[in-house]
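# Remarks on the overall topology
Single-letter residue listing:
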Amino acid sequence: MQRRTRGGAVTAAAPLYYLSQEVAMLELLSPAGSPEAVTAAVQSGADAVYLGYGDFNARRNAKNFSPEEFAAAVSYCHLRGVKVYLTLNTLLTDRELPAAAKVAEECSGLGVDAVLVQDLGMFRVLRQVAPDMPVHASTQMSVHNLDGVKLCADQGMTRVVLSRELSRDQIAHICANSPIEIEVFTHGALCMCYSGQCFLSSVIGGRSGNRGLCAQPCRMKYGWSGRADGTPLSLKDMSMAGHIRELKQMGVACLKIEGRMKRPEYVSVVTSIYARAIRENREPTGEEVAQLAAAFSRQGFTDGFFTDQQGPEMFGVREETKEPRELFAQARNFYQKENPLVPVKFYAMIRPGESAQVGVEDDAGRVVTVSGPTPEAARSRALTREQVEEQLSKTGGTPYRCEKVRALVEDGLSLPLSALNNLRREALEGLSARRVEPPHWRTGEFHPGARYENRKNAPILTVSVLRAGQVSRELLALEPALVYVPLSELAAHPELSEWAKPGQLAVSLPRIAWDRERPEMLAQLEQVKALGVTDALVNNLGMLPPARAMGFTLRGDYGLEIYNAQALKELKRLGFVSGTISFELKLAQIRDISKPMDTELIAYGRLPLMIMESCIIQNRTGRCGCENSNVLTDRKGAQFPVVKAPGCRNEILNSKKLFLADKQADYARIGLWAQRLMFTTENPRECVQVLERYQGRGGWEPGEYTRGLYYRDVD
């Protein structure tokens, strides 16, 4: 069986091998942006909730939690058998890491079940302060292939949240071969860009999605031919209603609902629908899907990424609609009362001359036994086994649901029913105390480690290109230290190795490469290695294993999101010899980072704003047109080039070029190894002119330019 994808290529249909595998329990993970949302999620059937605490999570505008509220939320969830996952999934500065370490240590002490991270530096901190607390790779880490998953597993992570863009065959392949748990999104908002790789909000508005304050500029008006008359970057919300059983059969461990910024009623409606479907091993009904749309949607839902059928029908905007008052009122009425969630069994022994004994056991095997008064001889009516069982089963108003009672009651004895009520209450109180006990996990202290002195010499010059045609003999004659050429371009143009000096060319690996692209990528890596290329610029953790296995010298690119010294140390431990510092940092912050290995700064070029799986060029014209000039216009008239990225993907570049040639004195002494000139839309002659200007020759300047974020604060 075959199907045709958006680009016209024929691919194999979804593999069926996973259908015969043993199916594990499927966890439903719900958002909790406020204490009330915690209640809504738990009472509506969530198996786990994820929430932020403090300023170090990807939804800083959510209400989040005070220390008291957070501790209460953990106890509330654990009492009812629901796990709690902490989101520490933003990029952090060195100054912020100590405070984040304290948050992690505190949450570990409370018994948080896992923590989600994006920042490799934060991951390194966690191993110091909370070595026993499980760590999940956030979707912000942009893990989208099996090599990336295995690398996370090798570092000690226990779960990976995959990128939302993956199709069913890619998810199935990863699940079938992953050594750790796989989590996927099942419902909620879709970002146009791969999570963790979007810089649109920070570059044009100073609010970073990687810092938890995305302003959602992708929902604004954009267009072509100089007119911002559409919404080509606004995707409909995702809904995997219709694919739940398939995901379960694949071996997905957890389905995640997006929505920490949403109201509790929304959380309740969506959670309850998916919880019922999972529990009953079915898909949501048509009526339930209509309720999902009423709760929140953007002109309906899409499953286009999962089905690998992408196109204009995936896009939509939020329309003005009436609040579904009746639906939300029903949700509130449901989650505001205690719904018994925890199954328990009672045991009782009523014997003459002995204290009455009542025990309770939960579904995890915890047993609590309490003793009461000694029964007396009955004067009229004796206590029966049926009476004891009936009294103990009355757990209304508690989180517990009595499944079974086993009672041994000898004849001729009397015991007040009030005594049985007290014993039941004491037993459940004891069980509750046991259920909320935090695990005895180790804790430690955060030690930043040795501080390295900044380099004293001025940074060397490196160059990266988008196309091989930008590399001319004239450019190479100016002797940039390294010239990074995309893998596919370098493999297709071996003549570049004849023009360049030994060691001057380096291969730039793609930021995104699915597993079905891996064979071609490996073949191309072998080709460029045979050309004598020894250095590889790595943009994603999933590209690291093959490059390392082939013996390339590893250099980290901006896609790895290096924001602090701990991230540099972690990359050094993984075998990197250099790393590109995040361009969301100010020069003063870069200066203050302790640099255990060579660091590189992007000093020129159109900064990348988005890398997208959905082709907005083809959505516009109905056909491929990557080689043409494609310019997206925003409502202020700014024009953003759209270029081809490896794998038939799109990349949006900034409207203005970053230009720092006249500011070299500002960054020449901040400890950098290299300054990089990033060539994207330039022709070969312009590339030469820019390089000459940065070498101190000529007076070339772009018509319009920006200083980027190096001189202004980013929230």
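These figures come from a predicted structure and were not determined experimentally.

Cut-offs applied
- Residues numbered from 1 in each chain as written.
- Predicted model: local features only at pLDDT ≥ 70, side-chain atom pairs only at ≥ 80, totals over all residues.
- Heavy atoms only, no water.
- Salt bridge = Lys/Arg side-chain N within 4 Å of Asp/Glu carboxyl O.
- Helix = DSSP H or I, 4+ residues; strand = E, 2+ residues; numbered from the N terminus.
- Buried < 20%, exposed > 50% of the residue type's maximum accessible area, 1.4 Å probe, protein only.
- Contact = heavy atoms within 4.5 Å.
- Pairing = 2+ DSSP bridges.
- Core = buried A, V, L, I, M, F, W, Y, C linked by side-chain atoms within 4.5 Å.
- Axes fitted to C-alpha atoms, helices over the stretch in contact; angles between N-to-C directions.
- Right-handed = clockwise from strand over helix to strand, strands pointing away.
- Polar contact = N/O pair within 3.5 Å; in protein donor to acceptor, adjacent residues only side chain to side chain.
- Left-handed = near helix turned anticlockwise from the far one by under 90°.
- Nonpolar A, V, L, I, M, F, W, Y, C, P; charged D, E, K, R; others polar.

## Overview of the pattern of salt bridges
- For the structure on display, the rule yields 44 salt bridges.
- Across the salt bridge formed by arginine 385 and glutamate 386, the nearest N and O atoms sit 3.3 Å from each other.
- We note a salt bridge from arginine 385 to glutamate 389, for which the minimum N-O separation is 3.1 Å. Residue arginine 385 and its partner glutamate 389 are located together in helix H13 (residues 385-392), separated by 4 residues, close to a single helical turn.

## Details of the environment of threonine 374
- For threonine 374, the position within the fold is in the loop between strand S16 (367-371) and strand S17 (376-377).
- Of the residues examined, threonine 374 reaches a relative accessible area of 39% and is grouped as partly exposed.
- Along the primary structure threonine 374 and leucine 413 are separated by 39 residues, whereas in three dimensions their C-alpha atoms are 9.7 Å apart.
- When near neighbours in sequence (up to four residues on either side) are disregarded, threonine 374 contacts Gly353, Glu354 and Ser355.

## A word on the sheet that holds strand S30 (residues 649-653)
- On the basis of which strands lie adjacent, the open sheet formed by 5 strands has the order S10-S28-S29-S30-S27 and antiparallel pairing. Among the strands making up the open sheet, the edge pair consists of strand S10 (222-223) and strand S27 (608-612).

## What about the nonpolar core?
- One finds Val49, Met122, Leu233, Ile652 and Tyr694 to be the most contacted residues of the largest nonpolar core, which totals 200 residues.
- Per element, the largest residue contribution to this core is 9 residues, and it comes from helix H9 (residues 264-279).
- The residues contacting leucine 233, other than those within four sequence positions of it, are Met192, Cys218, Tyr222, Phe315, Met610, Met612, Ile616, Leu632 and Ile652.
- Within the second largest apolar cluster, 26 residues are counted, among which are Leu79, Val342, Leu415 and Leu420.

## With respect to the pairing of strand S25 (residues 576-580)
- Counted residue by residue, S25 has 4 buried out of 5 residues, so it is predominantly covered.
- Bridge count for strand S24 (residues 553-556) against S25 is 3 bridges, and the pairing is parallel. Bridge pairing in S25 places glycine 556 opposite glycine 579.
- Bridging between S25 and strand S26 (residues 598-605) involves 3 bridges; their strand directions are parallel. Opposite serine 578, over in S26, you have aspartate 598 as the bridge partner.

## Some details on the sheet that holds strand S14 (residues 342-350)
- Strand order in the open sheet formed by 4 strands is S16-S15-S14-S18, with mixed pairing between adjacent strands. For this open sheet the edge positions go to S16 and strand S18 (400-409), each flanked by a neighbour on one side alone. Looking at each pair of strands side by side, their axes are set apart by 15° on average, direction ignored.
- Sitting on the sheet, helix H14 (residues 417-435) is in contact with S14, strand S15 (357-362), S16 and S18, with an inclination near 145° to S16.

## A look at the pairing of strand S9 (residues 181-188)
- Extensive coverage of S9 is indicated by the burial of 7 of its 8 residues.
- Crossover strand S8 (residues 159-161) to S9 through helix H6 (residues 168-177) is right-handed.
- The pairing of S9 with strand S11 (residues 237-239) spans 2 bridges and is classified as antiparallel. By the bridge assignment, glycine 188 is partnered in S11 with methionine 238.

## Comments concerning the side chain of asparagine 650
- One can find asparagine 650 in strand S30.
- Engagement of the side chain of asparagine 650 in a polar contact is seen with the backbone nitrogen of isoleucine 616, the distance being 2.7 Å.

## A short note on the packing of helix H5 (residues 146-154) against H6
- Direction vectors running N to C along H5 and H6 enclose 35°, while the axes themselves pass 10 Å from each other. Like other packed secondary-structure pairs, H5 and H6 cross with a definite hand, here right-handed. Of H6, the residues touching H5 (which contributes Leu146, Val149 and Lys150) are His173, Ile174 and Asn177.
- Grouping the amino acids of the contact of H5 with H6 by side-chain chemistry returns 3 nonpolar, 2 polar and 1 charged.

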